[in-house]
Amino acid sequence: MNQVVITGTGLYTPEHSIDNDALVASFNAWVDAENERRQRAGNEQRLAHSSSDFIVKASGIHSRHVLDAAGILDPERMRPRLRERDNDEPSIQCEMGARAAREALEYAGVEAGEIDLVIVGCSNLERPYPALAVELQAELGAGGYAFDMNVACSSATFAIETAASAIRAGSASRALVVNPEICSAHLNFRDRDSHFIFGDACTAIVLERDDLATATQRFEVLGTRLVTRFSNAIRNNAGFLNRVTDTDPLAEDKLFVQEGRRVFKEVCPMVATLIRDHLQSLGLGGDDLARMWLHQANRHMNDLIARRVLGRDPDEHEAPVILDRYANTSSAGSIIAFHLHRDDLAVGDSGVICSFGAGYSAGSVVVRRV
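As a starting point, this report considers the structure included with it. (Residues numbered from 1 in each chain as written. Predicted model: local features only at pLDDT ≥ 70, side-chain atom pairs only at ≥ 80, totals over all residues. Heavy atoms only, no water.)

## Looking at the packing of helix α7 (residues 260–281) against helix α8 (residues 299–310)
How we decide: Angles shown run from 0 to 180 degrees and are taken between the N-to-C directions of axes, each axis being a line fitted to C-alpha atoms and, for helices, limited to the stretch in contact. Numbering goes from the N terminus for both helices and strands, where a helix is a DSSP run of H or I of at least four residues and a strand is a run of E of at least two. A clockwise turn of the near helix away from the far one marks a right-handed crossing, whereas an anticlockwise turn of less than a right angle marks a left-handed crossing. In what follows, a contact means two residues having at least one pair of non-hydrogen atoms within 4.5 Å. Three categories are distinguished: nonpolar for Ala, Val, Leu, Ile, Met, Phe, Trp, Tyr, Cys and Pro, charged for Asp, Glu, Lys and Arg, and polar for the others, with Gly belonging to the last.
At their nearest, the axes of α7 and α8 sit 9 Å apart, and the two run at 35° to each other. Where α7 crosses over α8, the two elements pack in a sense that is right-handed. Across from Val263, Phe264, Val267, Cys268, Pro269, Val271, Ala272, Ile275, Arg276 and Leu279 in α7, the residues of α8 making contact are His300, Met301, Leu304, Ile305, Arg308 and Val309. For the contact of α7 with α8, the class distribution of residues is 13 nonpolar, 1 polar and 2 charged.

## A few points about the pairing of strand β5 (residues 145–149)
We apply this condition: By definition, two strands form a pair when at least two bridges between them are found by DSSP. The handedness rule is simple: strands pointing away from the viewer, and a clockwise path from the first strand over the helix to the second, make the crossover right-handed.
As paired elements, strand β4 (residues 117–121) and β5 share 5 bridges and run parallel to each other. Directly across from leucine 117, in β5, lies its bridge partner tyrosine 145. Handedness of the β4-helix α5 (residues 132–140)-β5 crossover: right-handed.

## Looking at the sheet that holds strand β1 (residues 4–12)
Through backbone hydrogen bonds, the strands of a sheet pair up, either in parallel or in antiparallel fashion. Ordered in space as β5-β4-β6-β7-β1-β8-β13-β12-β11, the 9 strands form an open sheet in which the pairing is mixed. One side of each edge strand has no neighbouring strand; the edge strands of this open sheet are β5 and β11 (289–294). Adjacent strand axes in the sheet meet at a mean angle of 25° when their direction is disregarded. When strand β8 (residues 219–228) meets strand β13 (residues 361–369), the two strands line up antiparallel, connected through 9 bridges. By the bridge assignment, arginine 225 is partnered in β13 with serine 364. Running over the sheet, α7 touches β8, β11, β12 (350–357) and β13 and is turned about 35° from β13.

## Some points on the environment of alanine 201
The criterion, for reference: When a residue's accessible area, from a 1.4 Å probe over protein chains only, is under 20% of the maximum for its type it is buried; when over 50% it is exposed; and in between it is partly exposed.
Examined against the element boundaries, alanine 201 turns out to sit in strand β7 (residues 200–209). Under the relative-accessibility criterion, alanine 201 is labelled buried at 0%. In the structure, alanine 201 is positioned 19 residues away from isoleucine 182 in sequence and 6.8 Å away in space, judged by C-alpha atoms. Discounting residues that sit within four places of it in the chain, alanine 201 has contacts with Tyr12, Pro14, Met96, Asn179, Pro180, Glu181, Tyr326, Thr329 and Ile336.

## Brief notes about helix α6 (residues 155–169)
Owing to its 3.6 residues per turn, the α-helix brings residues three or four apart onto one side. Which entries qualify depends on this criterion: Each residue after the first adds 1.5 Å to the expected span of a helix.
Spanning 15 residues, α6 covers 21 Å between terminal C-alpha atoms, matching the ideal 21 Å at 1.5 Å per step. Within α6, 11 of the 15 residues are buried, which leaves the element mostly enclosed by the surrounding structure. Within the span of α6, buried status applies to Ser155, Ala156, Thr157, Phe158, Ala159, Ile160, Ala163, Ala164, Ala166, Ile167 and Arg168. One or two positions beyond α6, positive phi appears at glycine 170, with a value near 95°.

## Let's talk about unusual backbone geometry
For the bond from tyrosine 129 to proline 130, the omega torsion is -5°, close enough to zero to count as cis. Following the sequence through the fold, proline 130 ends up in the loop between β4 and α5. In this model, glycine 359 is joined to tyrosine 360 through a cis peptide bond whose omega is -10°. As for its placement among the helices and strands, tyrosine 360 is situated in the loop between β12 and β13. One non-glycine residue, methionine 78, adopts positive backbone phi at about 55°. Looking at where methionine 78 falls in the secondary structure, it is placed in the loop between α3 (70–73) and α4 (92–108). For aspartate 246, which is not a glycine, the phi torsion comes out positive at approximately 60°.

## Considering the packing of helix α1 (residues 20–40) against helix α2 (residues 52–59)
For clarity, the threshold we go by: Every angle not falling under 35 degrees, over 145, or within 65 to 115 is termed oblique; those three ranges are roughly parallel, roughly antiparallel and roughly perpendicular.
α2 packs onto α1 with a crossing angle of 120° between their chain directions and a minimal axis gap of 9 Å. The orientation of α1 relative to α2 falls into the category oblique. Judged by the sense of rotation from one axis to the other, the crossing of α1 with α2 is right-handed. Contacts from Asn20, Asp21 and Val24 in α1 reach Ser52, Ile55 and Val56 in α2. Classifying every residue of the contact of α1 with α2 gives 3 nonpolar, 2 polar and 1 charged.

## Focus on the packing of aromatic side chains
Heads up, the rule is: Only Phe, Tyr and Trp rings take part, Trp by its six-membered ring, and two of them pair if their centres are within 6.5 Å. Stacked means planes under 30 degrees apart, edge-to-face means over 60, and tilted covers everything else. Here, a charge over a ring is recorded when the distance from Lys NZ or Arg CZ to the ring centre is within 6 Å and its angle to the ring normal is within 35 degrees.
Scanning the entire structure with this criterion turns up 7 aromatic pairs. Seen in terms of ring centroids, phenylalanine 54 and phenylalanine 196 are 5.8 Å apart; in terms of plane orientation they differ by 85°. Their pairing is edge-to-face. Note that phenylalanine 54 is positioned in helix α2 and phenylalanine 196 in the loop between β6 (174–182) and β7, a separation of 142 residues in sequence. When its relative accessible area of 23% is taken as the criterion, phenylalanine 54 is described as partly exposed. With 5.2 Å between their ring centres and 75° between their planes, phenylalanine 219 and phenylalanine 338 make a pair best called edge-to-face. Of this pair, phenylalanine 219 sits in strand β8 while phenylalanine 338 sits in helix α10 (residues 333–340); the two residues are 119 residues apart in sequence, bridging distant segments of the chain. Both residues of the pair, phenylalanine 219 and phenylalanine 338, count as buried. Every member of this aromatic cluster is reached through a ring pair, and the members are Phe219, Trp293 and Phe338. Between arginine 342 and the ring centre of phenylalanine 338, over which it is positioned, the NZ or CZ distance is 5.0 Å.

See the structure below:
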């Protein structure tokens, strides 16, 4: 079996950023207008305002990057405004993916033509087919084969496991995993409990056979472990059958919907157990971890999971937080944390990349700097 190493990562960050105050101002303007409409219609049920303090207390989020801020902040629209691409143009997610991928390839010292597996994994793909991964493969000039996959917020770790398995088995030598997340497009910006959760970003990871790698900084993939358990607590009912079931394509359930308290209660112990069991299977424990690059959904969830794995409160270096300025970027979140917070690790230091989300799904990737 071939030894697998991560040799490069890339990050595309959209230029637009929305802080909590701007998002709240837009939301509250809509609430005021909606309450007036309800009053005129004789509906006494009033909607409540949001606040920046509420957002920070609930999530730890202060701002988020998005592809389009103007459309989101327009109280009459409250969703991004993106230009539809011609079929002969690179798609939006392909363009995002190419920008992150080129940085990852440069970091790894690998030419696109040397890649023989491309996986695009994200929560929402902008079309069913042809595969975004195949389009990205062509855009970059990569070889081999490519495919899309969706395990919601766990798409990156599930894709890393798939790519690492292919390299170990010899069906690929070098793989590129790309996670183009346009979370603002499936977020209901008129829902007080979730209007602040998501941002947009794209990450990319290069994995190689160790004997082929030339990068100075490498992280050996010591092991991967995945788990799924069905739950309706996080759901999005948008799909191609909407037009034949005669359901409202703009209904709230065709966007992101979650039962936040239930998710917190059920997912945290599931993820902590996954990491602890995975470490034990590798002969490791919480004390052996120099870093935990956790899914960036909620500060309280990350603190609790890290505490259960380490047996104590983590410091800011052990479990770095990027959701304060990126918000939840679905599958990209843990990879952003890895991309931005790994250079200070010494040779021999170990860490875990972990994602969790809808499904429920969770993935653990234990790595060691070599």
